[in-house]
Amino acid sequence: MLDRRQILKGAALIGCSAAAHPLLSTVTFAAAPGENRLCVIILRGAMDGLDLCRPVADPLLAAYRPGLAAARDPATELGNGWALHPALAPLMPLWAQGQLGVVQATSTPYRDKRSHFDGQDILEAGTGGDLPPASQRDGWLNRMLQAMPGLGSETAFSVGAEGMLILSGAARVASWSPDTKLALSPQAQLLLESLYHDDPLFRDAGAAAMALAGEIGADPTAAGPGGNGANLRLARFAAERLAGETRIAAFSIAGWDTHRAQTGVMRGNLARLAQVILALRDGLGPVWARTTVLAMTEFGRTARENGTGGTDHGTGGAMLVAGGAVKGGRVMGRWPGLDEAALYDRRDILPTSDVRAWAGWAMRGLYGFDRALVEGTVFPGLDLGENPGLLL
């Protein structure tokens, strides 16, 4: 039985109505001073960065991936020997405007074990190559929040069946996790709508949450296995909050584990990711100019395709960056090449940068953080290195 008083008690800690509804997917928000926005998207499953952004001028790409490298579209050629996956063609106008970029050959310090669970925890904890003790397993966005003065609310909230480590920690975070399979009968839905009807704090967020969960409303993009309705609703919901008082948001998109039949899976996933980024851009409107989006994953995949038309867990990967605050229109990072001797363990893309450093420089550019704070508190033990010029 839903106890609205318990929901209200949790919501009071953060002053945000969206935390109060049980049908939101995993998403976290925080209010912060200033006008700059940061949106972090975790791509769960180890996205293949070599498929996202392809070194098409290197003949080894076709040799390693005779099936995966076949599709090529002049519309997504980037110059300097690079091309985006054809499914990302809708993002090319952002590339032309300098509002989209790719960081290649980047990774957390996690190596060799290639576990999704550990890799994602390390990515979200931001603490280095080994999982920290349970008592210290907070998230890097939470540590960032702890270092920011003048927060507009307690800190953040996380709602959904799967909490996000990235915003867990000492900074106050309220959370509510529904059962794994939460289904509402029409009568229960009507009861919830009646319960929230006269309370503007919850009514609108409740309606958005039920739409987000696909319980109400007709969205043709949600039909079929290739539909993107839930992700689009999530992006629009995030954009709505970021266009208001929220300054920091994080959510995750699953489904990037491509051990087999990668051609179709990546085509669909990247098309959906493009829709999500454009939905953020459209929903943010003029605020897009002050926004940085970081889409990152736990690790990359093998340079060679396997016998089932897929790729296996690897090391170096890619990060997609977008937003009006981004200095894009380029492939960033030092590319190590595909020669077998240049591969990590002769199988994976060699990481030449730490994905945490790119996030750290984004923080410095957006919020003016001191270098020592980023290297010692937000990302303990990180060497930021030289400024890569990620932001304008």
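The structure presented is a predicted model; accordingly, all values stated were derived computationally and were not measured.

(A) Summary view of the overall build of the chain. Of the regular secondary structure elements, the chain holds 12 helices and 13 strands. Taking all 392 residues of the chain together, the buried fraction comes to 54%. Restricting the contact set of the chain to residue pairs at least 6 apart, pairs at least 24 apart contribute 75%. When the accessible surface of the chain is split by element, carbon and sulfur atoms take 53% of a total near 15,900 Å².

(B) Geometry of the pairing of strand E9 (residues 246-253). Taken across its 8 residues, E9 has 8 buried, putting it largely inside the fold. Relative to E9, strand E2 (residues 37-43) is paired through 6 bridges, and the arrangement is parallel. Counted as the bridge partner of Val 40 is Ala 250 from E9.

(C) Region of interest: the packing of helix H9 (residues 229-242) against helix H10 (residues 262-284). Relative to each other, H9 and H10 sit at 30°, their axes nearing to 8 Å. By the angle class used here, H9 and H10 are roughly parallel. Between H9 and H10 lies a crossing whose hand is right-handed. Residues Asn 231, Leu 232, Ala 235, Arg 236, Ala 238, Ala 239 and Leu 242 of H9 form the contact with H10, whose own contacting residues are Gln 275, Val 276, Ala 279, Leu 280, Gly 283 and Leu 284.

(D) Spotlight on the sheet that holds strand E5 (residues 82-84). In space, the 3 strands of this open sheet follow the order E3-E5-E4, with antiparallel pairing throughout. Only two strands of the sheet have a single partner each, and these edge strands are strand E3 (53-54) and strand E4 (77-79). Two strands pair when backbone bridges link them, and E4 and E5 are joined in this way by 2 bridges, in the antiparallel orientation. Paired with Glu 77 across the strands is Ala 83, a residue of E5.

Cut-offs applied
Residues numbered from 1 in each chain as written. Predicted model: local features only at pLDDT ≥ 70, side-chain atom pairs only at ≥ 80, totals over all residues. Heavy atoms only, no water. Helix = DSSP H or I, 4+ residues; strand = E, 2+ residues; numbered from the N terminus. Buried < 20%, exposed > 50% of the residue type's maximum accessible area, 1.4 Å probe, protein only. Contact = heavy atoms within 4.5 Å. Areas by Shrake-Rupley, 256 points an atom, 1.4 Å probe, with all protein chains shown as cover. Pairing = 2+ DSSP bridges. Axes fitted to C-alpha atoms, helices over the stretch in contact; angles between N-to-C directions. Parallel < 35°, antiparallel > 145°, perpendicular 65-115°, else oblique. Left-handed = near helix turned anticlockwise from the far one by under 90°.

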